[in-house]
Structures are given as C-alpha cells and as structure tokens.
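The primary structure of each chain is shown beneath.
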Amino acid sequence: MTVSLMNNTVANDQNTAASSNIVYETKQMNLWYGANHALKNIDMKIMENEVTAIIGPSGCGKSTYIKTLNRMVELVPSVKTSGEILYRERNIFDKDYRVEELRTRVGMVFQKPNPFPKSIYDNIAYGPRIHGIKNKKILDEIVEKSLRGAAIWDEVKDRLNENAYGISGGQQQRICIARALAIEPDVILMDEPTSALDPISTLKVEELVQELKKDYSIIIVTHNMQQASRISDKTAFFLNGEVVEFDKTDSIFSNPADKRTEDYISGRFG
C-alpha cells in the first residue's frame, strides 16, 4: 500500500514546478536578530537531487540560513527578514503559507542526535500519526520503509520496542534521519549532522547522504571541508553573513574565484 502525506495543494505546487529543477531560490534575503544584521542579500538557487554544502567559519550565518528554509528561525525572538525565499516557486514568507505545510515538505536533522524518549518504532511513527495515520499495518510499512531508507533497518529491526536512547549516537542520528523520512519530505536540511559522531558513524551518514540524494534534495551545513568536498555537488562559502562564493564543489575546492574562499579552504583563517 502506498502512503502519501502530501495534501493536494502541495502536490499541485510540485506539479506546477515539474518543469523546473530549482527547489529553493533565495532572492535578496536579509535577516536581523534585533539590530544584528546576520544574513545580507543572500541570492542562491538550490537544485533538486543534489547535495548542497554550506561552509564557513563559526558565526558566519550557515545555520541561520538553513533554519530560514523551514522558518524555524522564527522561533527566535526579535527576528525579522526581508527579501524572498521561494520553495517550489512559492514564497515561504507569504502570509497564507502555513508553516506546518512547509515543514511537512522540508525535514531537518540537527547537530546532535535528538530522538524522542520513546521506542524506536514510536520515534518513526510519530510524524505519520500526527498526520492522522492510525492503521497499524500502514504504520508498520512506513516504519520499515523509513528505517531502510536511513540504512539502519537491519541493525534495529529486532529492537523496535526498545527506547531509542539505548542505541549508539551514530545509530540515533540515523533514527532521526529515518524520522524525517517518515513524513515523505522533498528536502532534508542537515545542520552539522556528524559533528558529534565518531569517524565510523560519520562515514555511514556520509554514505547515506549520497544514497538519499537519489530521492531527496539535501542541504548540509558542515564545518568539515573534507566532508563537503566528499559528499556535495555544490558548495556555498559564507562569511560574515554573506555568500562569498557558490559554485560546483570541484570548482570551489580546486579553483576558487575569490581569495577569501581560497584562504578559508587552505586554513589561513576560520
């Protein structure tokens, strides 16, 4: 049985945009935390079925930017924005664009694994249940499909009723990725998803990202430039709230156009 959580409005939006492979387009977007001008005139196009890496030193606006893409940044007091962010050709800041609708299509994985204090099964089934799916057979299918999608089914299939806190940190992060997949997103945002993981778990998540881009568009903030060079198709270098350079990853790392990019990549600062 095929389960779809997209409502008709979102489905129609995507059909309208089917001729375009631009997922997100940011146009002259600015963001302030109170008087602090944190993002300045951001112009970027994010393409579907690609991994887009965002690199830059601490405090440069990387995490702030991706948190605008699902409007999570609005949870911070005193935030104000200008400009546009188009998701599938629709401005996410429009007053009639429900944030719940946006976040159904745009999943997020955070820096530290944050499973719910529930069983592995209930972690994955949480989102579908919120969307009204109660049928146990359908939930079972979603849970298995999502865990397989996150490449962790074989490791936890016999432990589904155990608390998610009882598995390793790397496994917890893949549970969080599976939880994001369970609501059938279009885009997955990842905010330094491997920074708290050991090298073996990091490699598994990187391999998973490469597999997931066949079906999803992925935007990943990373402080690890080697990781960005390994897994991304395009890379944006942020500095002081601005996009200094945004290009194919090979070009950014082998022949950057801006000396500041070269200095950062070579370790002269940051």
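Worth saying up front: this structure is predicted, and the values here are computed from it rather than measured.

The rules behind the values
Residues numbered from 1 in each chain as written. Predicted model: local features only at pLDDT ≥ 70, side-chain atom pairs only at ≥ 80, totals over all residues. Heavy atoms only, no water. Helix = DSSP H or I, 4+ residues; strand = E, 2+ residues; numbered from the N terminus. Rg over C-alpha atoms; globule rule 2.2 N^0.38 Å. Buried < 20%, exposed > 50% of the residue type's maximum accessible area, 1.4 Å probe, protein only. Contact = heavy atoms within 4.5 Å. Areas by Shrake-Rupley, 256 points an atom, 1.4 Å probe, with all protein chains shown as cover. Salt bridge = Lys/Arg side-chain N within 4 Å of Asp/Glu carboxyl O. pLDDT = per-residue confidence, 0-100. Core = buried A, V, L, I, M, F, W, Y, C linked by side-chain atoms within 4.5 Å.

Enquirer: Any chance you could break down the overall build of the protein chain for me, citing the residues and the numbers?
Expert: Secondary structure summary: the protein chain contains 11 helices and 10 strands in total. In terms of C-alpha radius of gyration, the protein chain reaches 19 Å, essentially the compact-globule figure of 18 Å for 270 residues. When each of the 270 residues of the protein chain is scored for burial, the buried share is 51%. Partitioning the intrachain contacts of the protein chain with sequence separation of at least 6 by distance along the chain shows that 70% fall at a separation of at least 24. Of the roughly 12,700 Å² of accessible surface on the protein chain, 47% is carried by carbon and sulfur atoms.

Enquirer: Pulling in residues and values, what's your account of the pattern of salt bridges?
Expert: The full count for this structure, using the stated rule, is 19 salt bridges. Between Asp-258 and Arg-260 there is a salt bridge, with the nearest N and O atoms lying 3.0 Å from each other. Asp-263 is paired through a salt bridge with Lys-259; the nearest N and O atoms lie 3.0 Å apart. With Asp-263 and Lys-259 both in helix H11 (residues 259-265) and 4 residues apart, the pair spans about one turn of that helix. Sharing partners across several salt bridges, the network here consists of Glu-48, Arg-88 and Asp-186.

Enquirer: Tell me about unusual backbone geometry, and please be specific about residues and values.
Expert: Even without glycine at this site, Ser-78 takes up a positive phi of about 70°. By secondary structure assignment, the location of Ser-78 is in the loop between helix H2 (62-69) and strand E4 (79-87). Of note in this structure, Arg-88 is not a glycine but carries a positive phi near 50°. Mapped onto the fold, Arg-88 is located in the loop between E4 and strand E5 (90-91). Exposure remark for Arg-88: the relative accessible area of 8% places this residue in the buried category.

Enquirer: Outline the confidence of the model for the protein chain, supporting the account with residue identities and numerical values.
Expert: Here the protein chain averages 92 in pLDDT, while 92% of its residues score no lower than 70. Below pLDDT 50 for its whole length, residues 6-19 participates in 17 contacts with residues either more than four positions away or in separate chains.

Enquirer: Which residues make up the nonpolar core, and what are the values?
Expert: One finds Leu-147, Ile-177, Ile-188, Met-190, Leu-212 and Ile-218 to be the most contacted residues of the largest nonpolar core, which totals 44 residues. Apart from the residues within four sequence positions on either side, Leu-147 is in contact with Ile-124, Ile-152, Trp-153, Val-156, Leu-160, Ile-175 and Ala-178. Within the second largest apolar cluster, 29 residues are counted, among which are Val-23, Tyr-24, Cys-60 and Tyr-87.

Enquirer: Explain the environment of Val-109 to me, using residue names and the numbers behind them.
Expert: Mapping Val-109 onto the fold places it in strand E6 (residues 106-109). Using a relative accessible area of 1% as the deciding quantity, one classes Val-109 as buried. For the pair formed by Val-109 and Ala-180, sequence separation is 71 residues and the distance between their alpha carbons is 7.3 Å. If near-sequence neighbours (up to four positions away) are discounted, Val-109 is found in contact with Gln-173, Cys-176, Ile-177, Ala-180, Ile-188, Leu-189, Met-190, Asp-191 and Pro-193.

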